[in-house]
Amino acid sequence: MSETLSGAHILCRTLADAGVDVLFGYPGGAIMPFYHALPEYPCLRHILVRHEQAAAHAADGYARASGRVGVCVATSGPGATNLVTGLATAHMDSSPVVAITGQVSRPMIGRDAFQETDIIGITLPITKQNYLVQDAAELAGVVREALAVAQHGRPGPVLIDIPKDVQNQKAAYVGDAGAQDAAPRPTGADDSVQRAADLIAAATRPLLMVGHGVILANAYAEVRALAEKTGMPVITTLLGISAFPEGHPLHLGMPGMHGEVHVNRAIQRADLIVGIGLRFDDRVTGNVAAFAPRAQIVHIDLDRSEIERNVPTAVGIVGDARAVTRRLVAAIRPRTCDAWRAEIEGSRRPQDASFRGGMSPEAILAAIHDATGGECTIVTDVGQHQMWVAKLFPYRRPNTHITSGGLGTMGFAVPAAMGVHLARPGEPVWAISGDGGFQMNMAEMATMVQEGLPVKLAVFNNGYLGMVRQWQQFFHGKRYSSTPIWSPDYVKLAEAYGIPGYRVQHASELADAVGEANAAPGPTLVEFVIEQEANVFPMIPPGGSLSEPIEAAV
Ligand SMILES: Cc1ncc(C[n+]2csc(CCOP(=O)(O)OP(=O)(O)O)c2C)c(N)n1
């Protein structure tokens, strides 16, 4: 049965019928018909952010935590361009986001109209697909397709640009005939799965490298079965953290620029690397010419274009991480890697022994872990604190570590954590930021208060843009150019927003402050005053080989 509706109503109806339940957005002239229709659809909860960038990050956080599409909305011109960083972040990290933007009316397009910008052109390289909807009759189909495209195959962001007059245009709305069956995901060619199994059987120093694709494909059990059947030690990339339990005896840690020495050394000695759902980017490989010089590489990825993109592979398997790993587990014979594991353990060192302050990141993270019983999701920003969290938080549960890995977007954590909360309302969400990144999107505290989002905010305050200062210390002769950063009084700031704020300066205060902040019913902020010039060790110099870590300050 068809009804005649305006484009704005068609948009709302299609989103609601598709099961979308939350939108993050900000209104403006070119999207007003949509906002006029929206109150008639109470099943679409709208979260009014304080900046459109936050809407995109929140939709991204929602998507990563729920596995469903996150939706954000903005007006034309500056509203649309404010989404760009969030869409690029989602694109780099394969997160299914649909962005809906208002556009100037069709007769005004191309006339330098007020708040006109070519958001289709701007977002072309940072979206999987984008659409300029020219007729309300096409809108429902475009929205359904956009939701499907964002989610299917390798996920990513999609943008739908809707001129204002199309939102007002009447057209027939026909309800969805029912969900289309998604195209089956490839499961890998038989011969390549068998060749990978043969290489695993023949290797003496094999490693399993696990990336974000394992989380996206829900392949935890399969990857664990592969590790346990073969005894292969497991490395998790930054985006692969929480794809494999940290405390598992086979888990080694994170590779690459800030990876542990024993992990990078294992890579350099390995004779086989089985990589699942990762892209072997430069933060993982260092100087790619010197990466894993003795290893053959088996690369499993859903996206064919990732195979051979960065590293030469002996066997490339295009397929869904879960399905391919399951087939691989069936194809291999049980084996162990005891001598190899003992060799790796021999080079393991205590972590971050260089941290001199009484309140180490480890102690802070232990306090958060204890207060939540580990039943929380951690969302990090970008910088030193991000690396400390990646290396030190004892993740046990799948997909409980969320960060901007590919684009490295400062300002991500605070808004993304709002989306994570909406996807997982029953458990604490801690957004951990540096004093730099926190100040980029701290206005979202107002959103949390207005919308009742009990996100726990942690600020690691070292008075510097710490990671850049660290690079200046090592590679720019300690010239701390534009990295000292002033902060407001965060406790007073929290009070101004009407939320409890805590300042922790000594380790002895940690348990009480973190416990109270975690237990409070609404959003809270905890500032951790940490050592100013602490560094993240080890560190591979940019472009350096994994064999040449810097392990301490000189
Ligand atoms: C939007 C954005 N701008 C600049 C950078 C470059 N950058 C990477 S880390 C960093 C410093 C982060 O400082 P802070 O947020 O205080 O965290 P810390 O490193 O001290 O933990 C900067 C400026 C970035 N990643 N993102």
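Our subject is the structure listed above.
Rules and cut-offs
Residues numbered from 1 in each chain as written. Predicted model: local features only at pLDDT ≥ 70, side-chain atom pairs only at ≥ 80, totals over all residues. Heavy atoms only, no water. Helix = DSSP H or I, 4+ residues; strand = E, 2+ residues; numbered from the N terminus. Rg over C-alpha atoms; globule rule 2.2 N^0.38 Å. Contact = heavy atoms within 4.5 Å. Areas by Shrake-Rupley, 256 points an atom, 1.4 Å probe, with all protein chains shown as cover. Lys, Arg positive; Asp, Glu negative; His and termini not counted. Charge placed at Lys NZ, Arg CZ, Asp CG, Glu CD. Phe/Tyr/Trp six-rings, centres within 6.5 Å; stacked < 30°, edge-to-face > 60°. Lys NZ or Arg CZ within 6 Å of the ring centre and 35° of its normal. Buried < 20%, exposed > 50% of the residue type's maximum accessible area, 1.4 Å probe, protein only. Pairing = 2+ DSSP bridges. Axes fitted to C-alpha atoms, helices over the stretch in contact; angles between N-to-C directions. Near = heavy atom within 4 Å. Polar contact = N/O pair within 3.5 Å; in protein donor to acceptor, adjacent residues only side chain to side chain. Core = buried A, V, L, I, M, F, W, Y, C linked by side-chain atoms within 4.5 Å.

Enquirer: Help me understand the overall build of the chain, please; the structure alone is not making it clear to me.
Expert: Looking only at helices and strands, the chain features 23 helices and 20 strands. Taking 2.2 N^0.38 as the reference for a compact globule, 554 residues should give roughly 24 Å; the C-alpha atoms of the chain span a radius of gyration of 24 Å, in line with that estimate. Put simply, 76% of the contacts in the chain that link residues at least 6 apart link residues at least 24 apart. Just so you have it, the chain exposes about 20800 Å², and 53% of that area is on carbon and sulfur atoms. Considering the chain, the positive charge centre built from 43 side chains and the negative charge centre built from 54 side chains are found 4 Å apart.

Enquirer: Where do I start with the packing of aromatic side chains in this structure?
Expert: How two aromatic rings sit relative to each other is given by the distance of their centres and the angle of their planes. With the rule as written, the count across this model stands at nine aromatic pairs. Between Arg-469 and the ring centre of Tyr-464, over which it is positioned, the NZ or CZ distance is 5.5 Å.

Enquirer: Help me understand the environment of Ala-59 in this model?
Expert: Mapped onto the secondary structure, Ala-59 falls in helix α3 (residues 52–66). Separated by 40 residues in sequence, Ala-59 and Ala-99 place their C-alpha atoms 8.8 Å apart. Dropping the residues within four chain positions of it, Ala-59 is found in contact with Phe-24, Gly-70, Val-71, Cys-72 and Val-97.

Enquirer: Sorry if this is basic, but what is going on with unusual backbone geometry here?
Expert: Glycine aside, negative phi is the norm for most residues, and most peptide bonds take the trans geometry. Pro-538 follows Phe-537 through a cis peptide bond whose omega is -10°. Positionally, Pro-538 belongs in the segment after β20 (524–529). Phi is positive for Ser-94, close to 50°, though the residue is something other than glycine. Mapped onto the secondary structure, Ser-94 falls in the loop between α5 (84–92) and β5 (97–103). Residue Ser-94 is classed as buried on the basis of its relative accessible area, which comes to 5%. Notably, Phe-280 is not glycine yet its phi reads approximately 50°, a positive angle. You can see Phe-280 is positioned in the loop between β12 (272–276) and α13 (282–285). Look at Phe-280 and you get buried, because its relative accessible area is 1%.

Enquirer: Looking at this structure, how should I read the sheet that holds strand β15 (residues 377–380)?
Expert: Picture the strands of a sheet paired through backbone hydrogen bonds; they go either parallel or antiparallel. Taken together, the six strands give an open sheet; going across it, the order is β16-β15-β17-β18-β20-β19, and neighbouring strands pair in parallel fashion. At either margin of the open sheet sits one strand with a lone partner, and together these are β16 (401–403) and β19 (501–504). Between one strand axis and the next, the sheet turns through 20° on average, direction left out of account. Relative to β20, strand β18 (residues 456–461) is paired through six bridges, and the arrangement is parallel. Paired with Asn-461 across the bridge in β20 is Val-529. Here helix α18 (residues 413–423) sits on the sheet in contact with β15, β16, β17 (429–434) and β18, set at roughly 175° to β17.

Enquirer: Would you mind showing me how to read the sheet that holds strand β3 (residues 45–48) here?
Expert: Sheet architecture is open: six strands sit in the order β3-β2-β4-β5-β7-β6, paired in parallel fashion. Each of the sheet's edge strands pairs with one partner strand only, and the pair in question is β3 and β6 (129–132). The average angle at which neighbouring strand axes cross in this sheet is 20°, direction not considered. Of the strand pairs in this sheet, strand β4 (residues 70–74) and β5 are connected by five bridges, and their pairing is parallel. Following the sheet pairing, Cys-72 is matched in β5 by Ala-99.

Enquirer: Please clarify how the site of the ligand should be interpreted in this entry.
Expert: Around the ligand sit 17 residues in total, of which Gln-384, His-385, Gly-408, Gly-437 and Gly-466 are the nearest. Within the side chain of His-385, an N or O atom sits 2.8 Å from an oxygen atom of the ligand. Side-chain polar atom of Asp-435 to an oxygen atom of the ligand: 2.9 Å apart, as the coordinates give it. Here the ligand has 590 Å² of accessible area as a free molecule, and 77% of this is covered by the chains.

Enquirer: Honestly, the environment of Ala-217 in this entry has me stumped. Any pointers?
Expert: For Ala-217, the position within the fold is in the loop between α10 (212–216) and α11 (220–230). A relative accessible area of 10% places Ala-217 in the buried class. Linking Ala-217 and Gly-259, residues 42 residues apart in sequence, is a C-alpha distance of 24 Å. With near-sequence residues (within four places) excluded, Ala-217 lies in contact with Asp-320, Ala-321 and Arg-322.

Enquirer: Where do I start with the nonpolar core in this structure?
Expert: Across soluble globular proteins, you tend to see nonpolar side chains buried next to one another. Judged by nonpolar contacts, the single largest core of 55 residues is most densely connected at Leu-207, Leu-208, Ile-267 and Ile-273. Examining the composition of this core, we find that five residues originate from one element, helix α9 (residues 190–202), more than from any other. If we skip the residues at most four places from it in the chain, Ile-273 touches Leu-207, Met-209, Ile-267, Phe-280, Phe-291, Ala-292, Ala-295, Gln-296, Ile-297 and Val-298. In this structure, Val-22, Phe-24, Ala-416 and Leu-422 belong to the second largest nonpolar core, which totals 49 residues.

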